[in-house]
Structures are given as C-alpha cells and as structure tokens.
Amino acid sequence: MTESKLLRNDDKPQNGLAGLKHWRYDLMAGVQVSLVSLPLSLGIAVASGAPPITGVISAIIAGIVYPILGGSYVTIAGPAAGLAPALLSGMLTLGKGSLVAGYPLLLVAICFTGLVQIALTFFEVGEFAKIIPIPVMEGMLAAIGLIIIVKQAPLLLGDLTPANNSIPLAILNLPNSLASASFEICIVGALSLGLMFWLNQSKHRWTNLLPAPLFVVCAGIVLGYLLRFDSKFLIAMPDNFMKDSFTLPDFTKVWQDPSLWSSMLMVVVTLTLIDGIESLAPVAAVDNLDPFQSPPDPNKPLPPM
C-alpha cells in the first residue's frame, strides 16, 4: 500500500482481523517476502548445520506467530542469520563434534532459550536494549558476519570437510581448503557472489522482476546441472520431509548425562543473548522508516527465534 494513501486517510496499520482491510496489498507484499525468504531460509539452515527444510519451517512459523503477537509493523520475522554460527557451534559442542548427535540436543537448548525469552518478556527486559551502545551491536553483528564467512569459505571452494568448532583453527585451515579447491565449484561460487552484489546495486528494471537471492539460486541450479555436479555438492532434500526433517528434542539424554549440563547452559545463554540483541536492534532502526511512527513494544520481538 502506498504511503500517500495511508497518510491521506490516516489509516494506521493494525494487527489481527482489523489489519485485513488492505489484504490485497498485503498479499502482494507477502509473495515478494516469501520469494526472498525461501532461498535465505535454506541458506541459513545449511549454514547452521541443520536439515535445509527446517529453515523454511522456521520462516513459516515465525511469519505466522510474530504478526499475531504484534511488535513492529515494519519488521519481518524469520530465521536469524546471526544465529547460524552459534547454532552450528552449539550443535558441535553438544554432540561432541558430531552434527547428527548434536542436532536433537540443540533442539533442547532452543526450547530452553524460548522459555527464557518468554520469561524475560514478562519482566520487560526488552526495555534495557535502549541502553546498549550502537557500536556494541554493530561490533557483535560484524563479528557474526565474519564467523559466517569463515565457516562458509571452505564450502565456497568445494571443501566438504566438517566445520571446525574453533574459529582460529578454521581460519588456519583455509589454506588447506584452498589447496583442495574444486575449479567448477569456485567458478559457480564466484559468479553467485558477483550476481548477488550486482543485482542488489543494479538500476535496470528487469533486475527487479525476481529478488536477487532467488535469481542467484536459480542460476546456481542451472549451472550445477550444466556442469554435472556430483551429488555430494548438492543440497539433499528428503523424499518425505515430514518424516525425515522433524526431529524431537532429546530431553532424556540431556537429563541422564550431567556432563552436558554446563555445555547446555552455555549454549542457552549464548542463543538468548545473540537472538535477543539481534531481534531488538533492528526494531529501533527499521521503525524509523515507519511513516506512522507506531511505537513498537521492545518486549514482543523477544520470544520468536
């Protein structure tokens, strides 16, 4: 919906059934957001070490639950890219180096993190986000970005060696990844990065027909087919994702193994801090773009991860 029309009618956006008054405009906006969210959610899930479909499921849940709870009118909820390295590290820590063993345990940590965030919401801890200096938030987000780059660089080169839990060791291992790089994979990766930057900066009208992430994903699929990539370089989507991608948290193992308790506490605290700050920081920044200046409740963005 256009800003001029809303300002002329003084019709502020609303949550719930009342917000469906402009459903035609919201439907088009939802389609555009979903096109961007689909490849982004898949990428975040892969970067986190989780099954790819879990990223899409997380986006669906966040897209339905967050608007019902309220919060910001101009912020879109979904999988947080900043949590990817923390989730991967937590999975390796709880699984003692094994992603398969650590995934059900990480789900336990996510459940505990959600409970902690709900408790913090009742105590209105979100108000304290206003006193956090902006350089602290920017530094944390920049560090998260660097961690993601370090973790994903070997995959960009075609090195499928399991990610190292230690960032310094992962950096030292980059020359080995470069030595074993696959030429075809490097070409596709470089073209994808170049396309992403170019499409986001291009002013040609045809580049706006598809969101840049979706265009890059489609181009990667075509290149992978033409270059006949080995199946190990492709994302494996299960035939029955309802069966293979829904894993229940393993509370029993956590309860029966006291050696996991300290690691579990560390992962829960880490996820709570990162997700809390990453959820609250954009609210204050993005809401400055709201033409109605609708005051957001800083406590409502806390629960969704």
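A quick note: this is a predicted structure, and the numbers were derived from the prediction, not measured.

(A) Quick peek at the environment of Ile-44. Mapping Ile-44 onto the fold places it in helix H2 (residues 23–48). The sequence separation of Ile-44 and Val-56 amounts to 12 residues, and the corresponding C-alpha distance is 9.6 Å.

(B) Representation of helix H5 (residues 99–122) within the structure. In this model, H5 (24 residues) spans 34 Å end to end at C-alpha, consistent with the 34 Å of a helix rising 1.5 Å per residue. Residue Leu-105 marks the point of greatest curvature in H5, where the axis turns by about 25°. Regarding H5, the residues found buried are Gly-102, Tyr-103, Pro-104, Leu-105, Leu-106, Leu-107, Val-108, Ala-109, Thr-113, Gly-114 and Gln-117. The residue sitting at the N-terminus of H5 and contributing the capping side-chain oxygen is Ser-98; that oxygen lies 3.2 Å from the backbone nitrogen of Ala-101.

(C) Fine view of the environment of Phe-112. Checked against the element boundaries, Phe-112 lands in helix H5. Under the relative-accessibility criterion, Phe-112 is labelled partly exposed at 34%. With 159 residues separating them along the chain, Phe-112 and Leu-271 place their C-alpha atoms 9.8 Å apart. Excluding anything up to four places from it in sequence, Phe-112 contacts Phe-251, Met-264 and Val-268.

(D) Broad picture of the packing of aromatic side chains. Here the structure, examined in full by the defined rule, presents 2 aromatic pairs. Relative to Phe-251, the ring of Phe-112 lies with its centre 5.9 Å away and its plane at 75°, an arrangement referred to as edge-to-face. With Phe-112 in helix H5 and Phe-251 in helix H12 (residues 251–256), this residue pair connects regions lying 139 residues apart in the sequence. Looking at Phe-251, the relative accessible area reads 39%, which means it is partly exposed. Seen from their ring centres, Trp-255 and Trp-261 are 6.1 Å apart, and the 35° between their planes marks the pair as tilted.

(E) Molecular detail of the nonpolar core. Core analysis: the biggest nonpolar cluster contains 22 residues, and Leu-83, Leu-94, Ala-109, Met-264, Val-267 and Leu-271 have the highest contact counts within it. By residue number, the principal contributor to this core is H5, which donates 6 residues.

Conventions we followed
Residues numbered from 1 in each chain as written. Predicted model: local features only at pLDDT ≥ 70, side-chain atom pairs only at ≥ 80, totals over all residues. Heavy atoms only, no water. Helix = DSSP H or I, 4+ residues; strand = E, 2+ residues; numbered from the N terminus. Expected span 1.5 Å × (residues − 1). Bend = angle between axes of the 7 residues up to and from the residue. Buried < 20%, exposed > 50% of the residue type's maximum accessible area, 1.4 Å probe, protein only. Polar contact = N/O pair within 3.5 Å; in protein donor to acceptor, adjacent residues only side chain to side chain. Contact = heavy atoms within 4.5 Å. Phe/Tyr/Trp six-rings, centres within 6.5 Å; stacked < 30°, edge-to-face > 60°. Core = buried A, V, L, I, M, F, W, Y, C linked by side-chain atoms within 4.5 Å.

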